[in-house]
Amino acid sequence: MDATPRFGELLRLLARHGVEHVVVGATAAVLAGAPMTTFDLDVVFAPNPENRSRLLAALAELDAVYWDPLGRRLRPDADRLETLRHHQLETRLGRLDLMREIGRAQGWPEVRARSHAVRLGDLTERVLDLEAVIESKEADNREKDRAALPLLRETLRLRRARDGG
Amino acid sequence: MSSRPLPPLPGVDPATAPAPGDPDYPAWVESVAISPEGIDRTLIWASLHRTPAARLAALERAVADLLELSGGRYPEIR
């Protein structure tokens, strides 16, 4: 199922279904200018019932299943979207990580408030601010998060210098 | 591939920078281009002068290349 990621198409599909979401994690860092790679698109979604329904329709079109090393094809459903905090999915457009919160219990209101609009061609995406990406990595504090932090901090410093801050 | 000129890295004054061939040049390049943690600032600086759409397209190409190297196998760590 894993396909070569087409994150732009995946975001466009979410937008077409009207899914309220914010791009977070390493993809947000790349969009902010950090020269790094990630195999997954990380997204926080608004947890209200209407948005979950829209998300479920988008996931059906994406042929999404939970990532499972044993190869079982478990599909997201309304119950799982409501109760689980983290969904590691494979889709026909690449891997998608859906989250209810990031870092130190930063849920939808906090994530939305710390995001900004980014133009991607004809698409406008909400993307988590780089400062907040760094804070979430500091909070997660896994080995891979700690490894990424020097690059992210240097990117933030150079962004501020570029913008005259 | 051609690269367009970028503004100098922050803190770099082309008027006072040592010239290539100057004995101080390699150490100077390393001091301005590489952070104390070993991060290459020139890559970041170049990325910061691309559009977000160009960065996303570059990410997709980079991941596609890595997947070709791995025979299509994704990393287990997400």
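All values reported here derive from a predicted model rather than from experimental measurement.

## Quick word on the overall build of chain B
For chain B, the helix and strand inventory stands at three helices and zero strands. The order of α-helices and β-strands along chain B, N terminus first, is α-α-α. Taken over C-alpha atoms, the radius of gyration comes to 17 Å for chain B, far larger than the 12 Å a tight globule of 78 residues would show. Taken along its principal axes, the extent of the C-alpha atoms in chain B is 50 × 25 × 25 Å.

## As for the overall build of chain A
Helix and strand counts for chain A stand at seven helices and seven strands. Reading chain A from its N end, one meets helices and strands in the order α-β-α-β-α-β-α-β-β-α-β-β-α-α. Relative to a compact globule of 165 residues, whose C-alpha radius of gyration would be 15 Å, chain A shows 16 Å and is just as compact. Over its C-alpha atoms, taken along the principal directions, chain A stretches across nearly 45 × 35 × 30 Å. Across the 165 residues that make up chain A, the buried fraction comes to 41%. Restricting to contacts in chain A with at least 6 residues of sequence separation, those with at least 24 account for 61%.

## Focus: the interface of chain B and chain A
Every contact between the two is made by 25 residues of chain B and, on the other side, 30 residues of chain A. Secondary structure elements with two or more residues in the side of chain B that touches chain A: α2 (41-47) and α3 (52-69) of chain B. Class assignment for the residues of the side of chain B that touches chain A results in 18 nonpolar, two polar and five charged.

## Some remarks on helix α6 (residues 130-140) of chain A
All names here are of chain A. Listing the buried residues of α6 in full gives Leu-130, Ala-132, Val-133, Ile-134, Ser-136 and Lys-137. Those residues of α6 that are buried are in contact with β1 (21-24), α2 (25-31), β7 (123-128) and α7 (143-162). In the stretch just after α6, Asn-141 is the one whose phi turns positive, near 55 degrees.

## Thoughts on the environment of Arg-119 of chain A
Structurally, the position occupied by Arg-119 of chain A is in strand β6 (residues 115-120). For Arg-119 of chain A, a count of 11 C-beta atoms within 10 Å puts it in the exposed group. Taking the C-alpha atoms as reference points, Arg-119 of chain A and Leu-31 of chain A, separated by 88 residues in sequence, lie 10.0 Å from one another. Contact partners of Arg-119 of chain A, with chain neighbours within four places excluded, come to Thr-124 of chain A together with Pro-52 of chain B.

## Considering helix α3 (residues 49-61) of chain A
In an α-helix, one turn spans 3.6 residues; hence positions three or four apart end up facing the same way. Residues and elements named next belong to chain A. Between its first and last C-alpha, α3 extends 19 Å over 13 residues, near the 18 Å set by a 1.5 Å rise per residue. Looking at α3, one finds that the buried residues are Arg-54, Leu-55, Ala-58 and Leu-59. When α3 is viewed along its axis, its buried side chains cluster within an angular range of 140 degrees and face the same direction. For α3, the exposed residues lying more than 90 degrees away from the buried face are Pro-49, Glu-50 and Ala-60.

## What about the pairing of strand β5 (residues 94-99) of chain A?
Residue and element names in this part refer to chain A. Among the six residues of β5, six are classified as buried, and the element is accordingly described as predominantly covered. Summarising the sheet, strand β2 (residues 40-45) and β5 pair through five bridges and their orientation is parallel. The residue of β5 that forms the bridge with Asp-40 is Arg-95. The pairing of strand β4 (residues 86-91) with β5 spans six bridges and is classified as antiparallel. Paired with His-86 across the strands is Met-99, a residue of β5. Counting the residues in the hairpin turn of β4 and β5 gives two residues.

## As for the packing of α6 of chain A against α7 of chain A
Describing two packed helices takes the angle between their axes plus the distance from one axis to the other. All names here are of chain A. Running from N to C, α6 and α7 point in directions that differ by 160 degrees, and their axes come no closer than 10 Å. Here α6 is positioned roughly antiparallel relative to α7, judged by the angle of their axes. For α6 against α7, the interelement crossing comes out left-handed. Residues Leu-130, Glu-131, Val-133, Ile-134, Lys-137, Glu-138 and Asp-140 of α6 lie in contact with α7, whose contacting residues are Asp-145, Ala-148, Leu-149, Leu-152, Arg-153, Thr-155, Leu-156 and Arg-159.

## With respect to the confidence of the model for chain B
For chain B, per-residue confidence averages 90 on the pLDDT scale, and residues scoring 70 or more make up 95% of the total. Note on the complex model: pTM 0.93, ipTM 0.93.

## Digging into the pairing of β4 of chain A
Relative to β4 of chain A, strand β3 (residues 65-66) of chain A runs antiparallel, the two being bridged by two bridges. Within β4 of chain A, the residue paired with Tyr-66 of chain A across the bridge is Leu-89 of chain A.

What counts, and at which threshold
- Residues numbered from 1 in each chain as written.
- Chains lettered and ligands numbered in written order.
- Predicted model: local features only at pLDDT ≥ 70, side-chain atom pairs only at ≥ 80, totals over all residues.
- Helix = DSSP H or I, 4+ residues; strand = E, 2+ residues; numbered from the N terminus.
- Rg over C-alpha atoms; globule rule 2.2 N^0.38 Å.
- Buried ≥ 20, exposed ≤ 12 C-beta atoms within 10 Å, placed from the backbone.
- Contact = placed C-beta atoms within 7 Å.
- Nonpolar A, V, L, I, M, F, W, Y, C, P; charged D, E, K, R; others polar.
- Expected span 1.5 Å × (residues − 1).
- Arc of directions from axis to C-beta.
- Pairing = 2+ DSSP bridges.
- Axes fitted to C-alpha atoms, helices over the stretch in contact; angles between N-to-C directions.
- Parallel < 35°, antiparallel > 145°, perpendicular 65-115°, else oblique.
- Left-handed = near helix turned anticlockwise from the far one by under 90°.
- pLDDT = per-residue confidence, 0-100.

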